[in-house]
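# Structural characterization, general
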Amino acid sequence: MKLSVLSGIVANALTASAGTILWDGRFNDFTSATDLNNWSWGNQVGPYQYYIHGASPVTSYVNLSPDYKNPADSGSKQGAKITLDNTAYWNGQNMRRTELIPQTSAAINQGKVYYHFSLMRKDVNAPATTREHQIAFFESHFTELKSGWLSGAPGISDPLLRWCVGGDTKWSVNWDADVWHNVAYEIDFSAGTVGFWHSTGSSPLTQKVAPVKASTSSNGADWHVGVLELPRSGYPDTNEDYYWSGVYIESGSLTTSVAGPGAPPVVDTTSTIKTTSSTAQVSTSTTFSTSTTSVRTTSTTSSAPAATTTPSGCTAGQYAQCGGVGFSGCTTCAVGFTCKFSNDWYSQCL
Ligand SMILES: *[C@@H]1O[C@H](CO)[C@@H](O)[C@H](O)[C@H]1NC(C)=O
């Protein structure tokens, strides 16, 4: 009885967030950031291209931990801390850069798609307010976030986190420490528009800027998950940390829940987090990971967790969900596609 009620809730949660994940960059398959080294130009495996960084080992620039994610993002096992230190110069350039790029052949650069991520800074190793930072940007800069003093602007420093289209600020907020900013770029590559969805903490995304005209273009391998800092004479390098979670791209309908697609229903945890102090947040999220672990151990470890009721003889197409706790759709993928495990609550035909 209890179980069927629970799986009903899970099924409803999945139906409510009905977007199709085109590419999943949530680090759920990563043991540690050194898994990024699996990728090379000669062996393009895993969800991320990792080549834009300084010459030190990967853990100087990227580290993963459950402590680095938005606690409300229950679809992510862990988040990433992306760092600029005094070695973070890539390829002889004078800009500090640590960036990850989606490794996928999925159609992330066509039609209408949503690019999701959450971003946070702390007071320790805060991004400098005196230099321009380009964050989560495309090569052509048709859409991106920016922080710090904008190159060429009057004055010395700038406390804002901005959303920009072609370099023009369309939305901004004071970038305070310890606040998770949840973002979705609503990109329509056919119509040539981009809109902006945003929330803080555990609140669902809302549209802050309706789609505006933009020179939308991407080769499908030029979204930079990370940061590029422009040089500025007289302002020395300081160590900077950027915290990321919930990075994924979807098509279809937008998932507004920060928990993300395929997340387990943990409604009460988020309300506890909201009302507790930041010290308590750590223990709440620790408790939560423990309970996640216990859920994980009771569910199957196969690539497609057992469905409650599986329609027989049906197949799921490319990018369709094919497994996950409480999932009751087709678990067999169409010819040419494999049901790939993302997390216990979501497997997908790829
Ligand atoms: C990276 O490679 C190791 C060794 O083959 C493997 O165990 C691990 O799952 C890979 N990581 C990812 C994220 O695919």
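Since the structure is predicted, the reported quantities are computational estimates derived from the model, not experimental observations. (Residues numbered from 1 in each chain as written. Predicted model: local features only at pLDDT ≥ 70, side-chain atom pairs only at ≥ 80, totals over all residues. Heavy atoms only, no water.)

## Brief notes about the overall build of the protein chain
- Helix and strand counts for the protein chain stand at three helices and 18 strands.
- Across the 350 residues in the protein chain, those meeting the buried criterion constitute 51%.
- In the protein chain, the share of contacts with a sequence separation of at least 24, taken over all contacts with a separation of at least 6, comes to 63%.
- With an accessible surface of roughly 14,800 Å², the protein chain has 54% of that area assigned to carbon and sulfur atoms. (Helix = DSSP H or I, 4+ residues; strand = E, 2+ residues; numbered from the N terminus. Buried < 20%, exposed > 50% of the residue type's maximum accessible area, 1.4 Å probe, protein only. Contact = heavy atoms within 4.5 Å. Areas by Shrake-Rupley, 256 points an atom, 1.4 Å probe, with all protein chains shown as cover.)

## Observations concerning the sheet that holds strand β18 (residues 346-349)
- Pairing in this open sheet of three strands is antiparallel, and the strands run β16-β18-β17 from one edge to the other. On the outer flanks of this sheet lie β16 (321-323) and β17 (339-343), each paired with one strand and no other. Shown here is a sheet whose adjacent strand axes are inclined to one another by a mean of 40°, direction ignored.
- Here four bridges tie β17 to β18, and the two strands are oriented antiparallel to one another. Each residue of the ladder has a partner; that of N343, found in β18, is Y346. (Pairing = 2+ DSSP bridges. Axes fitted to C-alpha atoms, helices over the stretch in contact; angles between N-to-C directions.)

## Thoughts on the pairing of strand β5 (residues 96-102)
- Counted residue by residue, β5 has seven buried out of seven residues, so it is predominantly covered.
- Of the two faces of β5, the one lined by R96, T98, L100 and P102 and the one lined by R97, E99 and I101 are each fully buried.
- Alignment of strand β2 (residues 48-52) against β5, held across three bridges, turns out to be antiparallel. Within β5, the position partnered with Y48 by the bridge is P102.

## Considerations on the site of the ligand
- Every residue lining the ligand is accounted for by D29, F30, D35 and N38.
- Measuring from a nitrogen atom of the ligand, one finds a side-chain N or O atom of D35 at 3.1 Å.
- Interatomic distance of 2.3 Å between a side-chain N/O atom of N38 and an oxygen atom of the ligand.
- For the ligand, whose free accessible area comes to 360 Å², the fraction covered by protein is 44%.
- Here the residues of the shell around the ligand sort into one nonpolar, one polar and two charged. (Near = heavy atom within 4 Å. Polar contact = N/O pair within 3.5 Å; in protein donor to acceptor, adjacent residues only side chain to side chain. Nonpolar A, V, L, I, M, F, W, Y, C, P; charged D, E, K, R; others polar.)

## So, the sheet that holds strand β9 (residues 160-165)
- Reading across the sheet, the seven strands line up as β2-β5-β14-β7-β8-β9-β10 and stay open at both edges, with antiparallel pairing between neighbours. A strand with exactly one partner marks an edge of an open sheet, and here the two such strands are β2 and β10 (168-174). Averaged over all adjacent pairs, the angle separating strand axes in this sheet is 15°, with direction ignored.

## Things to note about the UniProt feature "domain: CBM1" (unreviewed entry) in the protein chain
- Here, UniProt's "domain: CBM1" (unreviewed entry) annotation points to residues 314-350.
- Counted over residues 314-350, helix gives 0% and strand 32%. Its end C-alpha atoms are 16 Å apart. (UniProt positions renumbered as here; feature names shortened; annotations may be inferred.)

## A few points about empty space enclosed by the protein
- Considering all chains together, one arrives at one cavity of 30 Å³ or more under this definition.
- Along the walls of the largest cavity sit 16 residues, with H116, S118, G246, Y248 and V258 positioned nearest its centre.
- Looking at the lining of the largest cavity, the elements that each hand over two or more residues are β6 (112-120), β11 (181-188) and β15 (240-251).
- A class-by-class count of the residues in the lining of the largest cavity yields six nonpolar, eight polar and two charged. (1 Å grid on protein atoms, 1.4 Å probe; cavity = no way out; pocket = protein on both sides within 12 Å on 5 of 7 lines; lining within 4 Å. Points joined across faces, edges and corners; volume = space filled by probe spheres on them.)

## A short note on the nonpolar core
- Counting residues in each nonpolar core, the largest one holds 49 residues, and the members touching the most others are Y185 and W223.
- C322, C330, C333 and C349 belong to the second largest nonpolar core, which has six residues in total. (Core = buried A, V, L, I, M, F, W, Y, C linked by side-chain atoms within 4.5 Å.)

## Structural notes on the packing of aromatic side chains
- Tallied over the entire structure, the rule returns 19 aromatic pairs.
- Measuring from ring centre to ring centre gives 5.4 Å for F117 and W244, while their planes differ by 40°; the resulting arrangement is tilted. Pair noted here: F117 is in strand β6 and W244 is in strand β15, with a separation of 127 residues, a long-range link. Here F117 and W244 have matching classes, each one buried.
- Taken together, the ring pairs in this structure connect Y115, F117, F138, F142, Y185, F189, W223 and W244 into an aromatic cluster.
- Above the face of the W149 ring, R232 is positioned so that its terminal group lies 3.4 Å from the ring centre. (Phe/Tyr/Trp six-rings, centres within 6.5 Å; stacked < 30°, edge-to-face > 60°. Lys NZ or Arg CZ within 6 Å of the ring centre and 35° of its normal.)

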